[in-house]
Amino acid sequence: MTAGVLALQGAFAAHASVLESLGATVVEVRTADDLALVDRLVVPGGESTTMSMAAERSGLLEPLRAFVASGRPTFGTCAGAILLAAECFDGRADQHQLAAIDISVRRNAFGRQVDSFEVDVPIPALGDAGLGDAGFHAVFIRAPAIERVGDGVEVLARVDDRPAAVRSGAIMVTTFHPELAGDDRLHELFLRS
Ligand code: GLN
């Protein structure tokens with residue numbers, strides 16, 4: 001199995017090592033040719049505005065849209081969740097959406113006072129998949145909030161009554177950074193999808 005990690009900017013290296021530790025062959029995706037080599041993709045955290053501009057410059061926007069539309073599993077975390085969302089509030093006017101999943105997100109929704117925080121969240125889907133019922137240690141860093149989920153979008157976890165992990169078809173997103181949890185269960189779930 002070959003898993004890509006979009007490596008234009010942000011927290012891609014930590015995702016790559018978690019996926020490798022789970023036995024996946026990892027390709028760092030920077031071009032359309034790289035993307036053609038992978039059968040699933042992680043879109044990491046970082047800065048969605050920068051990532052969006054870099055994707056545009058690298059000619060990756062349309063290949064990424066085609067990739068997600070083809071039904072190949074894609075896992076977006078934090079800025080990656082913003083990029084994959086259908087709609088983004090408080091973004092830059094020239095920021096692009098891949099519209100892979102019918103959710104609306106608001107960037108930096110937790111305000112300056114609580115830039116970053118960590119909390120253990122129950123994710124029943126992990127237990128259902130036989131990956132254990134323990135709470136997942138969720139690390140939020142200037143995180144977006146998911147303010148709307150469309151029909152057919154499954155909420156996997158909530159924090160402060162807001163969806164923090166959701167899934168629809170082959171697309172899964174979290175507003176937190178699972179690659180920093182010391183817990184590889186969400187990556188395992190992604191590799192199984
Ligand atoms: N605030 C960032 C953005 O808007 C996301 C932060 C993150 O990925 N840790 O893109």
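Residues numbered from 1 in each chain as written. Predicted model: local features only at pLDDT ≥ 70, side-chain atom pairs only at ≥ 80, totals over all residues. Heavy atoms only, no water.

## Points about the site of the ligand
Working step 1: For the ligand, the full set of nearby residues is Gly45, Gly46, Glu47, Ser48, Cys78, Ala79, Ile82, Arg107, Asn108, Ile141, Arg142 and His177.
Working step 2: Between Ala79 and the ligand, the recorded distance is 3.0 Å, taken from a backbone N or O atom to an oxygen atom.
Working step 3: Take Ile141: an N or O atom from its main chain is 2.9 Å from a nitrogen atom of the ligand.
Working step 4: In isolation the ligand exposes 300 Å². Once the protein is present, 97% of that is buried. (Near = heavy atom within 4 Å. Polar contact = N/O pair within 3.5 Å; in protein donor to acceptor, adjacent residues only side chain to side chain. Areas by Shrake-Rupley, 256 points an atom, 1.4 Å probe, with all protein chains shown as cover.)

## Description of the sheet that holds strand S5 (residues 85-89)
Working step 1: Pairing within the open sheet is mixed, and its three strands lie in the order S5-S6-S9. Among the strands making up the open sheet, the edge pair consists of S5 and strand S9 (145-149). This sheet shows a mean twist of 30 degrees between the axes of neighbouring strands, independent of strand direction.
Working step 2: Here strand S6 (residues 101-106) runs beside S9; their pairing, made up of four bridges, is antiparallel. Residue pairing for S9: Arg106 is matched across the bridge by Ala145. (Pairing = 2+ DSSP bridges. Helix = DSSP H or I, 4+ residues; strand = E, 2+ residues; numbered from the N terminus. Axes fitted to C-alpha atoms, helices over the stretch in contact; angles between N-to-C directions.)

## Digging into the packing of aromatic side chains
Working step 1: For the structure shown, the criterion picks out six aromatic pairs.
Working step 2: Ring centres of Phe110 and Phe117 lie 5.2 Å apart, and the angle between their planes is 65 degrees; this geometry places the pair in the edge-to-face category.
Working step 3: The class for Phe110 is buried, based on a relative accessible area of 14%.
Working step 4: Note that Arg40 overlies the ring of Phe190, its terminal NZ or CZ placed 5.8 Å from the centroid. (Phe/Tyr/Trp six-rings, centres within 6.5 Å; stacked < 30°, edge-to-face > 60°. Buried < 20%, exposed > 50% of the residue type's maximum accessible area, 1.4 Å probe, protein only. Lys NZ or Arg CZ within 6 Å of the ring centre and 35° of its normal.)

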